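Examining the three-dimensional arrangement
What follows is the residue order along each chain.
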Amino acid sequence: MWCDFVPFTFKEEAIMDNSCTVLKQQVLVLLSGGIDSAVCAAKLCAEGKKVHALSLRYPGDTNWVEINNATFLAKKLNILHVVLDFKFIEQMLGGTNTNMSFNVGGSVNNCVSRGKTPVPMSVELLHLTALMFARIRGIKHIYWAIHQDDLIGTSQEKVLEYLRALEKLPALGSYSPCNFETPFIGYSKKDMVNLGVTLDIDFRFTHSCSASSDVPCGVCRQCMLRASAFDSFVPLKQAVGA
């Protein structure tokens, strides 16, 4: 099955207050099952937006823990959630290196290092899919929870330049604009955890390890960043296994 289908409302949802009708802005968040996208989704909900969430199931189900986390969070926040199955990538890779895997959804150069070679242009594929998903539903804002600690071997300027180029694609087909939003690009991982604490995120249902889809290894870059980010919250750090 191509995706876990959830019915969608194709127009802005109207809500009533005592004085007038207010339209809730529809937004799409790329929900990976990690800390950063969880914080992003919760913040958008707190701001009163109508949130749609998109997750990608990677070939070989290598991110099954992350998908479970994303599903748990979406239910807790009561947001519309779709999981797209990218098993077709296995067909594309036929006759090549069958050990290839995907980049982690939140990071530019943070590849899934589970003994596999990253699929080229997998981040671009993620964003192009998000653009298609958003345009089908009339959503004009896509939120990507990339932050400063994700910028390995690149710069904030390069990332924004890349996103601005992607935003031009819908216009080529005479579609209305769709913008990528990166509200946390100047944040650190510790900043994300601090914000998540104020939003009452249950960090036990987030996964950061790039070396294991099950038990965190504790030594990869993502595990180290996670542990450092929770240093100010010792009881919470123990609870989330950071």
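Structure first, text after, so check above.
To keep things clear, this report deals only with the structure shown in the data block. (Residues numbered from 1 in each chain as written. Predicted model: local features only at pLDDT ≥ 70, side-chain atom pairs only at ≥ 80, totals over all residues. Heavy atoms only, no water.)

1. So, the pattern of salt bridges
On inspection of all chains with the given rule, the structure shows five salt bridges. The closest approach of N and O atoms between Lys 189 and Asp 36, which form a salt bridge, is 3.0 Å. With Lys 189 in helix α7 (residues 189-198) and Asp 36 in helix α1 (residues 35-46), the pair connects residues that are 153 residues apart, well separated along the chain. Summarising the burial analysis for this pair, Lys 189 and Asp 36 share the class buried. The partner of Asp 202 in a salt bridge is Arg 204, with the nearest N and O atoms 2.8 Å apart. (Salt bridge = Lys/Arg side-chain N within 4 Å of Asp/Glu carboxyl O. Helix = DSSP H or I, 4+ residues; strand = E, 2+ residues; numbered from the N terminus. Buried < 20%, exposed > 50% of the residue type's maximum accessible area, 1.4 Å probe, protein only.)

2. Section: the packing of aromatic side chains
For the coordinates displayed, the defined rule picks out three aromatic pairs. Taken together, a centroid distance of 5.2 Å and an interplanar angle of 75 degrees make the contact between Phe 184 and Tyr 187 edge-to-face. Given a relative accessible area of 2%, Phe 184 falls into the buried group. The exposure class assigned to Tyr 187 is partly exposed, which follows from its relative accessible area of 30%. Over the ring of Phe 133 we find Arg 137; its NZ or CZ atom is 3.9 Å from the centre of that ring. (Phe/Tyr/Trp six-rings, centres within 6.5 Å; stacked < 30°, edge-to-face > 60°. Lys NZ or Arg CZ within 6 Å of the ring centre and 35° of its normal.)

3. So, the environment of Lys 140
Mapped onto the elements, Lys 140 comes out in the loop between α4 (122-136) and β6 (141-143). The exposure class assigned to Lys 140 is partly exposed, which follows from its relative accessible area of 47%. Setting aside residues up to four positions removed in sequence, Lys 140 forms contacts with Gln 26, Ser 176, Pro 177, Cys 178 and Asn 179. (Contact = heavy atoms within 4.5 Å.)

4. As for the sheet that holds β6
The strand order across the open sheet formed by five strands is β5-β4-β3-β6-β7, and the pairing between neighbours is parallel. Edge positions in the sheet fall to β5 (80-85) and β7 (179-181), since each of these pairs with one other strand and no more. The sheet shows a mean angle of 25 degrees between the axes of neighbouring strands, direction not considered. Bridge analysis of strand β3 (residues 26-30) against β6 gives two bridges, and the strand direction is parallel. (Pairing = 2+ DSSP bridges. Axes fitted to C-alpha atoms, helices over the stretch in contact; angles between N-to-C directions.)

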